[in-house]
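# Inside the fold
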Amino acid sequence: MSELSRRDFLKLARNGFLYLSGALALGGLLRFLDFDPNPAPITEFDLGPASNYPLNSRTVLSEPPAVLLHTDKGFSALSLVCTHLGCTVKSDAQGFACPCHGSHFDANGNVLHGPAIKHLQTLRVELTDEDNLKLFTA
């Protein structure tokens, strides 16, 4: 086998680095073009066993911002996103208050004081066969 001259070795190394950098640049370009700037939001949340929520309870959930109600009629949920500009409302003595613009809602999500004009959104809650609760935001 013939020996590789210094010139041939440098030429081979240069070509190898060029091919490698070209492949990395092409991979980066493909990842850039495949990027989804607005991924679909999660619309289904597993809340765990129904036994974790006793009868006549009001449980505030952080993700998604909602309050889960367990009454004699079953489970229901209210979104804690203000219908005015989308701030997260906080619980207060009357029900819920928006810290951004001062809207007030009663304990059932009905508007008591604006600027919000729509009631808090009612969310769908389902009980699975395994006795788990699922909350749907869409």
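### A closer look at the packing of aromatic side chains
As enumerated under the stated definition, the model contains zero aromatic pairs in all. R124 extends its terminal NZ or CZ atom over the ring of F136, reaching a point 4.0 Å from the ring centre.

### Some details on the state of the cysteines
Inspection of every chain in the model, using the stated rule, returns one disulfide. The residue that forms a disulfide with C87 is C100, at a sulfur-sulfur distance of 2.1 Å. The S-S bond linking C87 to C100 shows a torsion near -115°; that makes this disulfide left-handed. Residue C87 is found in the loop between β4 (74-79) and β5 (90-91), and its partner C100 is found in the loop between β6 (95-97) and β7 (104-106); the two are separated by 13 residues along the sequence. On the basis of relative accessibility, which here comes to 41%, the residue C100 falls in the partly exposed class. Free cysteine C82: the closest other cysteine sulfur is in C98, separated by 3.9 Å. Of the residues examined, C82 reaches a relative accessible area of 3% and is grouped as buried.

### Side note on the sheet that holds strand β2 (residues 57-61)
Here six strands make up an open sheet; going across it, the order is β1-β10-β9-β4-β3-β2 and the pairing antiparallel. In this open sheet, the two edge strands, each paired with only one partner strand, are β1 (44-49) and β2. When strand polarity is set aside, the average angle formed by the axes of neighbouring strands in this sheet is 25°.

### A few points about the domain arrangement of the protein chain
Partitioning the protein chain into structural domains gives domain 1 (1-35) and domain 2 (44-136). Inter-centroid distance (C-alpha atoms) of domain 1 to domain 2 is 57 Å.

Cut-offs and rules
Residues numbered from 1 in each chain as written. Predicted model: local features only at pLDDT ≥ 70, side-chain atom pairs only at ≥ 80, totals over all residues. Heavy atoms only, no water. Phe/Tyr/Trp six-rings, centres within 6.5 Å; stacked < 30°, edge-to-face > 60°. Lys NZ or Arg CZ within 6 Å of the ring centre and 35° of its normal. Disulfide = S-S within 2.5 Å. Helix = DSSP H or I, 4+ residues; strand = E, 2+ residues; numbered from the N terminus. Buried < 20%, exposed > 50% of the residue type's maximum accessible area, 1.4 Å probe, protein only. Pairing = 2+ DSSP bridges. Axes fitted to C-alpha atoms, helices over the stretch in contact; angles between N-to-C directions. Domains from an automatic or database assignment.

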